[in-house]
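Fold and contact review
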Amino acid sequence: MTYPCICIGIRLSDADPPGDRRCAASSGIGKETALALAAAGFDVVGTSRDTSRVTPLDGVTFLGLDVADDASVAAAVQEVSERFGRIDVLVNNAGVGSTGAAEETSVAQARTVFDTDVFGVMRMVTEVLPYMRAQKRGRIINISSVLGFMPQPYMAVYAASQHAIEGYSESLDHEIREYGGIRSLLVEPAYTRTGFEANSAKPDTPLHAYAKQRQTVDRVLAEAIRNGDARAVVAKTVVTAATDARPKLRYTAGPTAGRVSALRRLVPAPAFDKQIRKINRLAG
């Protein structure tokens, strides 16, 4: 099964400054995914808020796109359709991270995370779906996270955004299956070797009460990312989701994500809760 075009929104690369949404397919998971899809025979459209910062990649066409802007999304999707004649796969991978205790994170900061991580997905889906329904085929692949089905202390807002993507994607999949071969799928990475922790927004109202434990969890997160999966693991999983003859709703990316998913489903809730606290070095 091959698709002539893919429109891709790229998650923050480790070259981007903290809190920036100018995501490019020139590094990190985005680069690996774009190259893997091109190697699999796709015509790949990569997106960035600032295409002047993008290094060209073989087999990848770059367009300007800000997923937090309605007009930008509409213009980019229309350009892809006009240039390639169809849109068969949409990969939603644009996102920003957020760390800090829930009480330390303002509603304004949470809105910024959701505007990209959740509403950005919704904007892209709303624009792309009419094309997919007309051609009676297509796949929407939303990059979520293991934090879409498990908690993570001191990352409550980000975890909430990933839980939202999980619920949105699964509900959407039920709505669109009847229109030919259209599916909404999830790719769920665990911690991946990127600059995620450095690029994540820090709490805008830090409180002394949480400072010590926040620093401990930050160190745990940094260590988990250093020892995490290679970016190619996620890219390979995206290609599988895009080409699978019998697509599944969820694709865990790599062995770590697979183990976490199994633990979440099989381990009794009290034991799972205890393990979360142990991993994050929380008392009690």
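The structure we're discussing is the one just above.
What counts and how
Along each chain, the written sequence defines residue order, and numbers are assigned to residues from 1. Given that this is a predicted model, residues contribute local features only at a pLDDT of at least 70 and side-chain atom pairs are listed and counted only at 80 or more, while totals for whole chains, interfaces and linings are drawn from all residues. The basis for every side-chain value is the complete set of heavy atoms in the structure, and neither hydrogens nor water enter the calculation. In this analysis, axes come from line fits to C-alpha atoms, helices being fitted only over the stretch in contact, and the angle between any two N-to-C directions falls in the range 0 to 180 degrees. Helix and strand assignments follow DSSP, with helices taken as H or I runs no shorter than four residues and strands as E runs no shorter than two, numbered in order from the N terminus. Working rule for angles: under 35 degrees goes down as roughly parallel, over 145 as roughly antiparallel, 65 to 115 as roughly perpendicular, anything else as oblique. Helix crossings get a hand from a simple test, with the near helix turned counterclockwise from the far one by less than a right angle marking a left-handed crossing and a clockwise turn marking a right-handed one. It only takes one pair of heavy atoms within 4.5 Å for two residues to be counted as in contact. Basically, the charged four are Asp, Glu, Lys and Arg, the nonpolar ten are Ala, Val, Leu, Ile, Met, Phe, Trp, Tyr, Cys and Pro, and anything else, Gly included, counts as polar. The definitions used throughout rest on a 1 Å grid laid over the protein atoms alone, on which a cavity is an enclosed set of points accommodating a 1.4 Å probe that cannot get out and a pocket is an open set flanked by protein within 12 Å on both sides along at least five of seven lines; lining residues are those having an atom within 4 Å of a point. Grid points are joined across faces, edges and corners, and a volume is the space filled by probe spheres set on the points. For every residue, the accessible area obtained with a 1.4 Å probe (protein chains only) is divided by the maximum for its type, and the residue is called buried under 20%, exposed over 50%, and partly exposed between those limits. Any two strands with at least two DSSP bridges between them are considered paired. Joining through side-chain atoms within 4.5 Å is the link that ties buried Ala, Val, Leu, Ile, Met, Phe, Trp, Tyr and Cys residues into a set, and such a set is a nonpolar core.

**Focus: the packing of helix α2 (residues 70-84) against helix α4 (residues 119-135)**
- As a packed pair, α2 and α4 sit with axes 9 Å apart at the nearest point and diverge in direction by 30°. On the basis of their axis angle, the class for α2 and α4 is roughly parallel. When the axes of α2 and α4 are compared, the crossing they make is right-handed. Judged by residue contacts, Asp70, Val73, Ala74, Val77, Gln78 and Ser81 of α2 engage Arg123, Met124, Glu127, Val128 and Tyr131 from α4.
- By residue class, the composition of the contact of α2 with α4 is 6 nonpolar, 2 polar and 3 charged.

**Observations concerning the layout of surface pockets**
- Taken as a whole, the largest pocket encloses approximately 500 Å³ of empty space.
- Where the lining of the largest pocket is concerned, the elements lending two or more residues are α7 (208-226), α9 (255-266) and α10 (269-279).
- Considered class by class, the residues forming the lining of the largest pocket number 16 nonpolar, 6 polar and 1 charged.

**Here we look at the packing of α4 against helix α5 (residues 156-176)**
- Two elements in contact, α4 and α5, have axes separated by 12 Å at closest approach and are oriented at 15°. One way to sum up the angle between α4 and α5 is to call them roughly parallel. Judged by the twist between their axes, the crossing of α4 over α5 is right-handed. Mapping the contact onto sequence places Val121, Met122, Val125 and Leu129 in α4 and Ile165, Tyr168, Leu172 and Ile176 in α5.
- Partitioning the contact of α4 with α5 into residue classes produces 8 nonpolar, no polar and no charged.

**As for the pairing of strand β7 (residues 250-253)**
- Burial along β7 is one-sided: Tyr251 and Ala253 are buried, while Arg250 and Thr252, pointing the other way, are not.
- In this sheet, β7 lies alongside strand β6 (residues 181-189) in parallel orientation, the contact comprising 4 bridges. What sits directly across from glutamate 188, in β7, is threonine 252.

**Looking at the nonpolar core**
- Counting residues in each nonpolar core, the largest one holds 24 residues, and the members touching the most others are Leu90, Met124, Val125, Leu129, Met132 and Ile140.
- At the level of secondary structure, the elements contributing two or more residues to this core comprise α2, α4, α5 and β6.
- Among the elements that make up this core, the one with the highest residue count is α4 (6 residues).
- Among the nonpolar cores identified, the runner-up in size contains 23 residues, and Phe42, Val44, Val234 and Ala241 belong to it.

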